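Here's the letter readout for the chains.
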Amino acid sequence: MPDVTILGAGIFGLSIAWFCRQKGASVRVIDPNGPGSGASGGVVGALAPHVPENWNEKKAFQLDSLLMAEEFWSKIETLSGHSSGYARSGRVQPINDERTLDLARAREVSANELWGEHATWQVVGEDAVPLAPRSKTGFYIHDSLSASLHPRHACYALTEALKKKGVSVVADSKAQGQVIHATGAHGLTELSNGIGFTVGNGVKGQAALLDFAASGAPQVFADSLHVIFHKDGTTAVGSTSEREFMDAHSTDEQLDEIVSRARYAVPALSDAPVIARWAGLRPRAKSRAPMLGRHPLYQGQFITNGGFKIGFGMAPKVGQVMADLVLDGKDSIPQEFKPEASLPTGWIMRN
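What comes next concerns the included structure. (Residues numbered from 1 in each chain as written. Predicted model: local features only at pLDDT ≥ 70, side-chain atom pairs only at ≥ 80, totals over all residues. Heavy atoms only, no water.)

Things to note about the side chain of Thr-304
Applied cut-off: Comment: elements are numbered from the N terminus, with helices defined as DSSP H or I runs of at least four residues and strands as E runs of at least two. Residues count as neighbours in contact if any of their non-hydrogen atoms are within 4.5 Å of one another.
Relative to the elements of secondary structure, Thr-304 occurs in strand S16 (residues 302-305). Here Thr-304 is in contact with Phe-12, Ile-16, Ile-180, His-181, Ala-182, Thr-183, Met-291, Leu-292, Val-318 and Met-322, once residues within four sequence places are set aside.

Okay, here's the thing in structure tokens:
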């Protein structure tokens, strides 16, 4: 009998499994569709920070997680023998007006105060930026905290590392021991139906892979799009954020528009062919923060959900704090991340 059963083999479930196993617990992960089959099977993989101002628990948590990521993925790659695609290559953002330029320069100071020696946020000129994304002012924001990985490769590497640690990852089994629900958009729907109140929902995203190699170049964030230059010689662009849709897994003209905008923002991509298209549902909690803690419906059980666009960046810290809570009873989860933040006023937790 396992000490911990994790329902869901997305990035949150797999990361929690890793940290529980590091603590010596026996762990079983159950997912009928296999590892990385939901939102974690995407193609973009931007691990990017919030802006360094108006500091709060969410931003501090994310900073800790981003700083944990390099060691976390290095250990997984060494054990599994497979690349996650992780690279802390930074990020550039074109500055298109004087107001944004002034704000970016002010954030140089706040980043120094909040990120300290860990990372920088700087205004730089075109000569310091590879691939020359379009910028109306000729200036860019460059931060050294942002990183990226290839979601599918990362989930595969983590699954293989867990297996070598003796963790079983199976399609079906009985949930035993401490039970953690990390079931993504489906889990948010189940919770909403059980409570009779919308605590979150799946938001459809579409993204594409282009045949363009620029491994090591900083990712680009322009026109609300991520452009990620993966280690495997592909470039990812995305994503849409669709609240209304007919088919969660189909791609359409909205993705065509994303690709066109990415090619305009980064002219070097203008002739790069599309080699893969992806669509899926990303779980977004009502609080807009990850939902971590005791499950509102299942007494004695736990929930980890709502990664939305920042799941991979949050995953190392999420795995750590959930393992602490489940195995040691140590609760270091920010109040904003508790399930209560997404529940209706007056709801009484069953845990």
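What follows continues from the structure just given.
With respect to unusual backbone geometry
Residue Gly-238 is joined to Ser-239 through a cis peptide bond whose omega torsion reads 5 degrees. Assignment of secondary structure puts Ser-239 in the loop between strand S13 (235-238) and helix H6 (253-265). Although it is not a glycine, Ala-132 adopts a positive phi angle of roughly 45 degrees. Residue position: Ala-132 is located in the loop between strand S5 (121-125) and strand S6 (139-143). The backbone of Asp-223 shows a phi angle near 50 degrees, a positive value even though the residue is not glycine. For Asp-223, the location among the structural elements is in the loop between strand S11 (219-222) and strand S12 (225-229).

Describing the pattern of salt bridges
What counts is decided by this rule: Throughout this description, the term salt bridge denotes a Lys or Arg side-chain nitrogen within 4 Å of a carboxyl oxygen of Asp or Glu.
Tallied over the entire structure, the rule returns 10 salt bridges. Residue Asp-324 is joined to Lys-23 by a salt bridge in which the shortest nitrogen-to-oxygen separation is 3.0 Å. Of this pair, Asp-324 sits in helix H7 (residues 311-328) while Lys-23 sits in the loop between helix H1 (11-22) and strand S2 (27-30), and the two are 301 residues apart along the sequence.

Some points on the sheet that holds strand S9 (residues 178-181)
Using the following cut-off: In this description, strands pair whenever DSSP reports at least two bridges between them. As a rule, the C-alpha atoms of each element are fitted with a line to give its axis, helices using only the stretch in contact, and angles between N-to-C directions run from 0 to 180 degrees.
Strand order in the open sheet made by the six strands is S8-S2-S1-S9-S16-S15, with mixed pairing throughout. Of all strands in the sheet, those bounded by a partner on one side alone are strand S8 (168-170) and strand S15 (291-294). Each strand of the sheet is rotated relative to its neighbour by a mean of 15 degrees, with strand direction disregarded. Strand direction decides the pairing type here: S2 and S8, joined by three bridges, are parallel. Bridging from a neighbouring strand, Ile-30 pairs with Val-170 of S8.

Overview of H6
Stated formally: Here a helix's expected span is defined as the number of its residues, less one, multiplied by 1.5 Å. Using a 1.4 Å probe on the protein chains alone, a residue whose accessible area is under 20% of its type maximum counts as buried, one over 50% counts as exposed, and one in between counts as partly exposed. Directions from the helix axis toward the C-beta atoms define the arc. Two N or O atoms form a polar contact when they lie within 3.5 Å of each other; inside protein one atom must be a possible hydrogen donor and the other a possible acceptor, and for residues adjacent in sequence the pair counts only when both atoms belong to side chains.
In a regular helix each residue adds 1.5 Å, so 13 residues correspond to 18 Å; H6 covers 18 Å between its end C-alpha atoms and thus fits that length. Leu-255, Ile-258, Val-259, Ala-262 and Ala-265 are the residues of H6 that are buried. Burial along H6 is one-sided: seen end-on, the buried residues are contained in an arc of 130 degrees. Exposed residues lying more than 90 degrees from the buried face of H6 are Glu-253 and Tyr-264. Turning to H6, the residues buried within the fold contact strand S10 (200-210), S11, S12, S13 and strand S14 (274-285). N-capping of H6 is provided by Asp-252, with a side-chain oxygen placed 2.8 Å from the backbone N of Gln-254.

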